[in-house]
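Reading the structure
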Amino acid sequence: MKRGAGWLLMLLASAVSLADGPLKPEPLNQHTTLPETWPDHWLRVHDLTWFKFLEGRMLVIDPLATDVAGQFKGSMSSSLNGAYERSLKRNEHYITETFWSRGNRGGERTDTVTIYDRSTLKYPDEIIIPTKRLSGMPKNISTAITPDEQFLLVYNFTPAQSVSVVDLESRRYVTEVDIGGCGFVIATGQRSFFSLCSNGTLRVVHLDDTGRWSRTQSSPQFFDADEDPLFERAALSPGKAVFPTFQGRIVEIDTREELPRIMKLWWLTTAQERSWRPAGARPAVADASGLLYVLMQPDGAEGTHKNGGSEVWVVDQKTSKRLSRIVLKSWGIALGATGKGENRLLVVTNGDLDLDIYRIPEGAFVHTLAVAAKRRCSPCRPTENGEPRTCRISSNTAVVLSSPWVKNSVVPWPEARPVEVGSVCWVVCSRVPQLSPSCRSHVPRAVSPKSRRRPRTCPTPVTLRAATIGAIARSMDFSAAAAAALQIPVLRGRRCHR
Amino acid sequence: MNAMEKVTRRIARQSSRRGFLGKLGGLLVGAAAIPLLPVARASSAGPASRVPAQSTGNPMDPGDPTTCDYWRYCGIDGYICSCCGGTQNQCPPGTEMSPMTWVGTCRNPADGKNYVISYNDCCGKSGCGRCLCNRNEDDKPVYRPPANNDINWCMGGSNVYNCSTAVILGLADA
């Protein structure tokens, strides 16, 4: 009786399906677009793609969406560690990037300011600029936009240091301004910028209304670039730039006037807390309410300033007091802040190069986003047609592993962390230059039930935290910093036996 | 499990930062780059991977140039050329050595002396991708260029970065 009822239900279901008819043809050349006005909490994330610098990109991410499709809104290309700025007035994004005519073996270099439409993310235009922009790890002060959004400023390093001025209204390069002995650009007033100098001063350059050099001023020395340098990553907010120092002081600079004013220089830590130091690829951010968040490491020492930290200290800039300490769920290496009002979020790039989201100022953990191009594939599952997926083991020297052993293994190595590159599933097995014999022993040689057994001890691939530091990108305005893809991480593991 | 991993795991078990340190063990064993734990650094003298240990062949220049904890690499940031067809002081075939660079000061454990090390990049081929190493002893911000390791020094000639060397320029205290 039950079987008969089941058949009846199936027939009815088929009838309903047939009544709807086959699926209709769908139009081609359709594209999604983004809203003209983005929600305040959306992020612009720089995915540096560490092992493929020429394929970097800026991601648009909704950090509160709970599904992957909702989180990933779109992307813009960002070749060779591009730098991001935006104009709300013109509804445009600007990415300063570098191209090579012969790709990965060089050739003629071209630097551009690529303009992206905010809604379509198409690039309607580009501005060619001198091939001098800083090539290196991204910093959030390697470019700046004047508050009236008229001029884009690009820090050059050849190693002569200068600034390229670009008129965004007319979309043309204007001029180059020398800042020898100093680096980076932070906009101040309406037509000025300042740079950090190796002699512990600020160099202030004033531009005229056409964007050309007008005059230069220097501040008195107020820091020691050797003993306790300012990080070259600033917490920027309207009218203010805040720099932590390597040892743990905070420097606040008022940027509302043409001549920036050094407001405060104070210790973030007490005398008993000096081992706690700011650290990371972007160690400080300010939220929309003006609170400052500083990534802190407990065991600070010489050479640890890029390591990241285990806590974020919340600071009231008005009183220069620490309000609270957020103990991070995972070790953090870069900070970003987004949102307004009650919907403020702290975004922490963690050691796995994923993004941990916290509500601030209370510090309640929300969830973790994996948005960089280091997607972990399901552990080497077979393809839909039953064929084994091509898998490669080892960090660099690939050994093709395509066997029923993989096909039939739900989790070849429970601790393994495969990463998907195109259609290939990489299982990082070793950081060494060549595949080690012990690692090679994991490659099954025979298709038999015995060979499908999980090795007694397996390698423990670990995502590349060293790249962490280098790989992190700059983050943008109210955005998170994220790091690069870690397609071929460093690694090593326990000795693996057969 | 080598000595370093044992130490790291023991600390991880005893520490309130268990989660991080437990994972860190794998990293430090492999990269041995980030001196988060002085004890881990101190214990990293042994072989750090399954790779047969390599040597310069000179007892006055101790260590394995393919590992991040080789003494000359105290300020390096990049792919180690010894893993890429070159050596600790020579670029791989077909690449060019950058004429400009950053320098660091590293202590040679063999004689206890400080040496000035020039971290010349090798340029003209795509990134090697092997043996990434990032250590930041004496590293300063980019606005102190000669002491910064974030800059791509492949500039002027072949501009594409391949790997980094660590060339002895001389005694720091001479």
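Residues numbered from 1 in each chain as written. Chains lettered and ligands numbered in written order. Predicted model: local features only at pLDDT ≥ 70, side-chain atom pairs only at ≥ 80, totals over all residues. Heavy atoms only, no water.

A word on the packing of aromatic side chains
All names here are of chain A. Scanning all chains against the criterion turns up 14 aromatic pairs over all chains. Measuring from ring centre to ring centre gives 5.8 Å for Tyr116 and Tyr123, while their planes differ by 65°; the resulting arrangement is edge-to-face. Taking the relative accessible area as the measure of exposure, Tyr116 reaches 4% and is therefore buried. In this structure Tyr123 comes out as exposed when scored by relative accessible area, which is 59%. A centroid spacing of 5.5 Å and a plane angle of 40° characterise the contact between Trp276 and Trp313, whose relative ring orientation is tilted. Taken together, the residues Trp276 in the loop between strand E19 (261–267) and strand E20 (277–278) and Trp313 in strand E23 (residues 309–316) connect sequence positions 37 residues apart. There is no split in this pair, since Trp276 and Trp313 are both buried. Its end group placed over the ring of Trp38, Arg118 keeps NZ or CZ at 4.4 Å from the ring centre. In this structure, Arg322 packs its charged tip against the face of Trp313, placed 4.4 Å from the ring centre. (Phe/Tyr/Trp six-rings, centres within 6.5 Å; stacked < 30°, edge-to-face > 60°. Buried < 20%, exposed > 50% of the residue type's maximum accessible area, 1.4 Å probe, protein only. Helix = DSSP H or I, 4+ residues; strand = E, 2+ residues; numbered from the N terminus. Lys NZ or Arg CZ within 6 Å of the ring centre and 35° of its normal.)

Focus: the sheet that holds strand E8 (residues 143–145) of chain A
Residues and elements named next belong to chain A. The strand order across the open sheet built from four strands is E8-E9-E10-E11, with neighbouring strands paired in antiparallel fashion. On the outer flanks of this sheet lie E8 and strand E11 (172–178), each paired with one strand and no other. Across the sheet, the mean angle from the axis of one strand to that of its neighbour is 20°, orientation sign disregarded. As judged from the seven bridges shared by strand E9 (residues 151–157) and strand E10 (residues 161–167), these two strands associate in the antiparallel manner. Its bridge partner being in E10, Phe157 is matched across the sheet by Gln161. (Pairing = 2+ DSSP bridges. Axes fitted to C-alpha atoms, helices over the stretch in contact; angles between N-to-C directions.)

Observations regarding the state of the cysteines
All names here are of chain B. Counting across every chain of the model gives eight disulfides over all chains. Covalently, Cys68 is tied to Cys133 through a disulfide, its sulfur atoms 1.9 Å apart. With the S-S dihedral at roughly 75°, the linkage between Cys68 and Cys133 falls on the right-handed side. In this pair, Cys68 sits in the loop between helix H3 (38–42) and strand E1 (77–79) while Cys133 sits in strand E6 (residues 132–134), placing the two residues 65 residues apart along the sequence. No difference in accessibility class separates Cys68 from Cys133, as the two residues are buried. (Disulfide = S-S within 2.5 Å.)

Quick look at the confidence of the model for chain B
In low-pLDDT regions, the fine details of the predicted coordinates are not to be read closely. Residues and elements named next belong to chain B. Here chain B averages 73 in pLDDT, while 69% of its residues score no lower than 70. The element-level mean pLDDT for chain B is lowest in H3, coming to 23, with strand E8 (residues 167–171) highest at 96. Here the prediction assigns the complex a pTM of 0.75, and the interface score ipTM is 0.73. (pLDDT = per-residue confidence, 0-100.)

A look at the sheet that holds strand E16 (residues 235–237) of chain A
All names here are of chain A. Overall, antiparallel pairing links the four strands, which are arranged E16-E17-E18-E19 in an open sheet. Each end of this open sheet is capped by a strand with a single partner; those strands are E16 and E19. Within this sheet the neighbouring strands show an average axis-to-axis angle of 15°, counted without direction. Two strands pair when backbone bridges link them, and strand E17 (residues 240–244) and strand E18 (residues 249–254) are joined in this way by five bridges, in the antiparallel orientation. Note on E18: the bridge partner recorded for Phe243 is Val251.

Re the nonpolar core
One finds Phe193, Phe194 and Phe243 of chain A together with Tyr79 of chain B to be the most contacted residues of the largest nonpolar core, which totals 68 residues. In contact with Phe193 of chain A, other than residues within four places in its own chain, are Leu153, Val163, Val177, Ile179, Val185, Ile186, Ala187, Thr188, Arg203, Val204, Val205 and Leu207 of chain A. Of all hydrophobic cores here, the second largest spans 14 residues; its members include Leu291, Val314, Leu346 and Ile360 of chain A. (Core = buried A, V, L, I, M, F, W, Y, C linked by side-chain atoms within 4.5 Å. Contact = heavy atoms within 4.5 Å.)

Things to note about the side chain of Thr143 of chain A
Residues and elements named next belong to chain A. One can find Thr143 in strand E8. Thr143 gets classed as buried once you look at its relative accessible area, which sits at 4%. Within polar-contact distance, the side chain of Thr143 engages the side chain of Glu85 at 2.9 Å. (Polar contact = N/O pair within 3.5 Å; in protein donor to acceptor, adjacent residues only side chain to side chain.)

A short note on unusual backbone geometry
Residue and element names in this part refer to chain A. Thr158 connects to Pro159 through a cis peptide bond whose omega is 20°. Mapping Pro159 onto the fold places it in the loop between E9 and E10. Here the bond from Ile360 into Pro361 is cis, since omega is 15°, no more than 30 degrees from zero. Locating Pro361 in the fold gives a position in the loop between strand E26 (355–359) and strand E27 (364–369). One non-glycine residue, Asn29, lies in positive phi territory at about 60°. Position of Asn29 relative to the elements: it lies in the loop between helix H1 (2–20) and strand E1 (43–47).

Notes on the pattern of salt bridges
All names here are of chain A. By the definition in use, this model includes 24 salt bridges over all chains. Among the salt bridges present, the one from Lys240 reaches Glu252, with a minimum N-O distance of 3.4 Å. Of this pair, Lys240 sits in strand E17 while Glu252 sits in strand E18, and the two are 12 residues apart along the sequence. Glu252 shares its class with Lys240; the two are buried. (Salt bridge = Lys/Arg side-chain N within 4 Å of Asp/Glu carboxyl O.)

Thoughts on the domain arrangement of chain A
Residue and element names in this part refer to chain A. Segmenting chain A into domains produces domain 1 (34–221), domain 2 (225–372) and domain 3 (391–490). Each of domain 1 and domain 2 has a C-alpha centre, and the two are 22 Å apart. In this complex, domain 1 contributes 35 residues to the contact, which on the side of domain 2 involves 32 residues. Carbon and sulfur atoms supply 65% of the area buried between domain 1 and domain 2, which totals about 2500 Å² over both sides. At the boundary of domain 1 with domain 2, the tally comes to one salt bridge. Across the pair Lys139 and Glu232 runs a salt bridge, and its minimum N-O distance is 3.3 Å. Counting across the interface, domain 1 meets domain 2 through 15 residue pairs in polar contact (both at pLDDT 80 or more). Only E1, strand E2 (57–61), strand E12 (182–188), strand E13 (192–197) and strand E14 (202–207) provide two or more residues apiece to the side of domain 1 that touches domain 2. The dominant element in the side of domain 1 that touches domain 2, judged by the number of residues it contributes, is E12, at four residues. Tallied by class, the residues present in the side of domain 1 that touches domain 2 amount to 19 nonpolar, 11 polar and five charged. (Domains from an automatic or database assignment. Buried area = accessible area lost by both parts, 1.4 Å probe. Nonpolar A, V, L, I, M, F, W, Y, C, P; charged D, E, K, R; others polar.)

Thoughts on the pairing of strand E24 (residues 321–338) of chain A
All names here are of chain A. Taken together, the seven bridges between E23 and E24 define a ladder with antiparallel strand orientation. Within E24, the residue paired with Gly309 across the bridge is Gly332. Hairpin connection between E23 and E24: a loop of four residues separates the two successive antiparallel strands, and Ser320 in this loop has a positive phi of roughly 55°. The pairing of E24 with strand E25 (residues 345–350) spans six bridges and is antiparallel. Bridging across to E25, Thr338 finds its partner in Leu345.

Some details on the pairing of strand E5 (residues 92–100) of chain A
Residue and element names in this part refer to chain A. Among the nine residues in E5, eight count as buried, and that is most of the element. One ladder, built from five bridges, connects strand E4 (residues 83–87) with E5; its direction is antiparallel. Residue pairing for E5: Tyr84 is matched across the bridge by Ile95. What sits between E4 and E5 in their antiparallel hairpin is a turn of four residues, with Asn91 showing a positive phi close to 55°.

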